[in-house]
Amino acid sequence: MLRVTTASLCTYCQRMRLLRPPSASASTLTSPDKRLENQHTVDSLYKLSVDIRKLRKFKGWILSESPAYASETAELLRDMGADTTVITRILETHPEAVLCRPEDVAAQRDLWMSVCPNKHELMRIIEKFPSSFFTLTHHSNQRANISYFQSLRLSRSTIGKLIASAPQSFCRPMEQNQEVIHTLRETYLDLGGDEVDLCLWLKKLLSQNPYILLRPAEAWRDSLGFLREQGFTTEELLSLVSSLRASIAELRPETMQLAFAFIESALACSMDELKRIVIRCPAVLYYSLPILVGRFQGLMDVGVSTEQVKECPNVLELTTQMALYRIHKLASYGYDVCSGSLDVIVGTKTDFEMSYCKVELRQQRPLFSHVAPLISAED
């Protein structure tokens, strides 16, 4: 009888523990060697449907901070058009937001509104990049950088994407960004680029890789200097810079040297052939040596020849898994890539699907014309 009573009591206690809200167990969950939780913060987040247990597990220190502004932050987000679900998601993704003073968040909102067309767009960016928005430091630098990029005739949407995806670039002094942009501008014009096209080129460059601004200006000069030493003409360098766009930030002389040596050896090509390969497939300049070796060897293992790779170097842009999948996909319809051209497997997913559909239709096409009448043996 005692055993049954004890078991029932234990079961009852477990049920009660599960039914209690997170705030009710805050004091019991806090061990003596840890700081006590801010009960007001816990209760406020609980009312906003934030997963308190998950927050305790990964960023529990936030619940112990004081002062905290969970309710005020939620109200500011609501004023910008966020519903309860969005507010919950933002606070679960970036709970540090509750530690920001309301006046600082309001100032950040006003600053970001200067590069966003409306509150709806601002809220969409905040939901996607909450940590960027709640980086409430260096307001004067952010403001100066926004003004500078506006002077470059970059659109508000482009600047908005920049400040959201690479806030570090806006927190540092404007002069550092100005130096990088000046180097990029001089490089483009020195290579024969047109002043009219410069703004469009910069826009594409910054949109594709916002972190491009964080690379020192000297690094650009070193990379282009190395390519000049390899014999690339001004026109060829302009073609490379235009093709690489944002990926130009990945160029390193030491990486390019290894890539040049490997391609030259693996494909047994002359310097002129090597330059043509690089111009057709600039991506080989920033791939690490292990990646290049792995992709090249993967193609060799399935019977692709070095001549085929030399004629279509863009195949090296595909991962080994993707290249093999496309080769086997075409083989299932009787197309042997190893005895044909590699052009059918390169490009985007859409490009390949178009090539695949053409091969598929070719295999399904009847051997006779459906227009001409069939002639029977009796005739």
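Residues numbered from 1 in each chain as written. Predicted model: local features only at pLDDT ≥ 70, side-chain atom pairs only at ≥ 80, totals over all residues. Heavy atoms only, no water.

- Taking an unreviewed UniProt entry as the reference, the chain is identified by name as Transcription termination factor 2, mitochondrial belonging to Collichthys lucidus.
- Its UniProt record gives the chain a comment under Sequence similarities (unreviewed entry), which states: "Belongs to the mTERF family." (UniProt positions renumbered as here; feature names shortened; annotations may be inferred.)

## With respect to the nonpolar core
Consideration 1: Counting residues in each nonpolar core, the largest one holds 100 residues, and the members touching the most others are Leu227 and Ile345.
Consideration 2: With six residues, helix H17 (residues 253-266) is the single largest residue contributor to this core.
Consideration 3: Residue contacts for Ile345: discarding those within four places in its chain leaves Val315, Leu318, Arg326, Ile327, Leu330, Val337 and Phe352. (Core = buried A, V, L, I, M, F, W, Y, C linked by side-chain atoms within 4.5 Å. Buried < 20%, exposed > 50% of the residue type's maximum accessible area, 1.4 Å probe, protein only. Helix = DSSP H or I, 4+ residues; strand = E, 2+ residues; numbered from the N terminus. Contact = heavy atoms within 4.5 Å.)

## Here we look at the environment of Gln297
Consideration 1: Among the structural elements, Gln297 can be located in helix H19 (residues 289-301).
Consideration 2: Given a relative accessible area of 40%, Gln297 falls into the partly exposed group.
Consideration 3: Gln297 sits 31 residues away from Ala266 along the chain, and the two C-alpha atoms are 9.8 Å apart.

## Some thoughts on unusual backbone geometry
Consideration 1: The peptide bond linking Ser66 to Pro67 adopts the cis configuration, its omega dihedral lying at 5°.
Consideration 2: Structurally, Pro67 is set in the loop between helix H4 (52-59) and helix H5 (70-79).
Consideration 3: The phi dihedral of Ser49 falls on the positive side, at around 65°, and the residue is not glycine.
Consideration 4: In this structure, Arg153 is a non-glycine residue whose phi angle is positive, near 65°.

## Some words on the packing of aromatic side chains
Consideration 1: Within the structure shown, the criterion is met by nine aromatic pairs.
Consideration 2: Between Phe133 and Phe134 the ring centres are 5.0 Å apart and the planes differ by 85°, which places this aromatic pair in the edge-to-face class. Accessibility classification places Phe133 together with Phe134 in one group, the buried group.
Consideration 3: Their ring planes at 80° and their centres at 6.2 Å tell us that Phe232 and Phe260 sit as a pair that is edge-to-face. Within this pair, whereas Phe232 is found in the loop between helix H15 (217-229) and helix H16 (234-244), its partner Phe260 is found in helix H17, the two being separated by 28 residues in sequence.
Consideration 4: Ring pairs connect the aromatic residues Trp112, Phe133 and Phe134, which therefore count as one cluster. (Phe/Tyr/Trp six-rings, centres within 6.5 Å; stacked < 30°, edge-to-face > 60°.)

## A few points about the pattern of salt bridges
Consideration 1: According to the stated counting rule, one finds 16 salt bridges in the structure shown.
Consideration 2: As a salt-bridge pair, Arg78 and Glu75 come within 3.0 Å of each other at their nearest N and O atoms. Residue Arg78 and its partner Glu75 are located together in helix H5, separated by three residues, close to a single helical turn.
Consideration 3: When its relative accessible area of 46% is taken as the criterion, Glu75 is described as partly exposed.
Consideration 4: Residue Glu127 is joined to Arg89 by a salt bridge in which the shortest nitrogen-to-oxygen separation is 2.5 Å. (Salt bridge = Lys/Arg side-chain N within 4 Å of Asp/Glu carboxyl O.)

## Overview of the side chain of Thr73
Consideration 1: Considering the arrangement of structural elements, one finds Thr73 in helix H5.
Consideration 2: There is a polar contact of 2.7 Å between the side chain of Thr73 and the backbone oxygen of Tyr69. (Polar contact = N/O pair within 3.5 Å; in protein donor to acceptor, adjacent residues only side chain to side chain.)

## A closer look at the environment of Gln321
Consideration 1: With respect to the helices and strands, Gln321 occurs in helix H21 (residues 320-331).
Consideration 2: Looking at Gln321, the relative accessible area reads 70%, which means it is exposed.
Consideration 3: Sequence separation of Gln321 and Arg295 is 26 residues, and the distance between their C-alpha atoms is 8.9 Å.

## Concerning helix H14 (residues 195-208)
Consideration 1: The end-to-end C-alpha distance of H14, which contains 14 residues, comes to 21 Å, matching closely the 20 Å that a straight helix rising 1.5 Å per residue would cover.
Consideration 2: Residues of H14 that are buried: Leu198, Cys199, Trp201, Leu202, Leu205 and Leu206.
Consideration 3: Between a side-chain oxygen at the N-terminus of H14 and the backbone nitrogen of Val196 the separation is 3.0 Å; the capping residue is Asp194. (Expected span 1.5 Å × (residues − 1).)

## Considerations on the confidence of the model for the chain
Consideration 1: Put simply, the chain has an average pLDDT of 83, and 84% of its residues get 70 or more.
Consideration 2: Per-residue pLDDT stays below 50 along residues 1-33; that stretch engages in 17 contacts with residues further than four places along the chain or on separate chains. (pLDDT = per-residue confidence, 0-100.)

## Section: H4
Consideration 1: Restricting attention to buried positions, one finds in H4 the residues Ile52, Leu55 and Arg56. Looking straight down H4, one finds that the buried residues subtend no more than 100° of arc, so they occupy a single side. Looking at H4, the residues exposed on the side facing more than 90 degrees away from the buried face are Lys57 and Phe58.
Consideration 2: Measuring from the backbone nitrogen of Arg53 back to the side-chain oxygen at the start of H4 gives 3.3 Å, which picks out Asp51 as the cap. (Arc of directions from axis to C-beta.)

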